[in-house]
Amino acid sequence: MSRLVDLGRIRELESRGFRAWPALRTQMLAGWAQRFADGYTKRANSINALDPDCSFTADLRDALERPYRERGMPPIWRLTPLAPAEADQALARLGYRRIDESLVQVAVLDARFAADAEVMIASVPSGAWLARFAELSPVAPVHRPTMTRMLASIAAPVGFAEVEQAGRLVAFALGVVDGDHVGLFDVLVAPEARRRGLARRLTQSIGAWGRRHGARFAYLQVVATNVAARPLYSDLGFETVYSYAYRVP
């Protein structure tokens, strides 16, 4: 596969990911997307290259960082293969730490993705879903209104998955269909319910739900050091398309 095709696929997946997890505000500058969501999640409050031909200079760096500093927020750079190599090198020289190396993976929605009767998927999150999800994540109380706004702004079809055991919600996931892809986000299992296969059943059920809504592929983002999740995703056919990392002051 050529570099040009690779970058086209990466830009496509990046765009899908941004639509699936929308910031409250996004603005473009010289091929870079500045995303803002009142500090809730790095991904929604980061600087991202969307044009493989975009440049990086000291003046542009200052201009991209300025709106974050004016809001009292650290400028967070999310660097994918779309970012010019000199961006990572320059930020490293300035002492910015490289953190949270992550993989973007894609799988074909084949027979391995079957719905589980215990996994319930709704088109809107219940109050109980929001409260328990925020508790387990955890989401700081100051960020919970922003979390709710962001989840409400995701374009349909969107599926809020949950598993209830003994009258208590113990597992969650979010699925977002965009054309022939379904994005899988925020697979979360309560500590007392782990090692029961719930993450697998949530992943399979979101895939099956996405297929019913026209998806043929699933994609996800997983931290490279997540040794619990990566074998599960590999077993379901997920393969890495590209990786990214954050640079933070």
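Residues numbered from 1 in each chain as written. Predicted model: local features only at pLDDT ≥ 70, side-chain atom pairs only at ≥ 80, totals over all residues. Heavy atoms only, no water.

Asks: Can you break down empty space enclosed by the protein residue by residue, with the values?
Replies: In the structure shown here, the tally under the stated rule is 1 cavity of 30 Å³ or more. In this structure, the largest cavity encloses a volume near 30 Å³. In this structure, the largest cavity is lined by Leu109, Phe113, Val182, Leu184, Thr203, Ile206, Gly207, Ala218 and Phe238. The greatest single-element share of the lining of the largest cavity, amounting to 3 residues, is contributed by helix H6 (residues 198-212). (1 Å grid on protein atoms, 1.4 Å probe; cavity = no way out; pocket = protein on both sides within 12 Å on 5 of 7 lines; lining within 4 Å. Points joined across faces, edges and corners; volume = space filled by probe spheres on them. Helix = DSSP H or I, 4+ residues; strand = E, 2+ residues; numbered from the N terminus.)

Asks: Outline the pattern of salt bridges, supporting the account with residue identities and numerical values.
Replies: One pass over the structure, following the stated rule, counts 20 salt bridges. Glu14 is paired through a salt bridge with Arg78; the nearest N and O atoms lie 2.5 Å apart. In this pair, Glu14 sits in helix H1 (residues 3-20) while Arg78 sits in strand S4 (residues 77-79), placing the two residues 64 residues apart along the sequence. Exposure remark for Arg78: the relative accessible area of 1% places this residue in the buried category. Between Asp180 and Arg216 there is a salt bridge, and its shortest N-O distance comes to 3.2 Å. On the criterion of sequence distance, the pair formed by Asp180 in the loop between strand S8 (168-178) and strand S9 (181-189) and Arg216 in the loop between H6 and strand S10 (217-223) is long-range, its members being 36 residues apart. Here the salt bridges do not stand alone but share partners, grouping Arg9, Glu12, Arg16, Arg19, Asp178, Asp180 and Arg216 into one network. (Salt bridge = Lys/Arg side-chain N within 4 Å of Asp/Glu carboxyl O. Buried < 20%, exposed > 50% of the residue type's maximum accessible area, 1.4 Å probe, protein only.)

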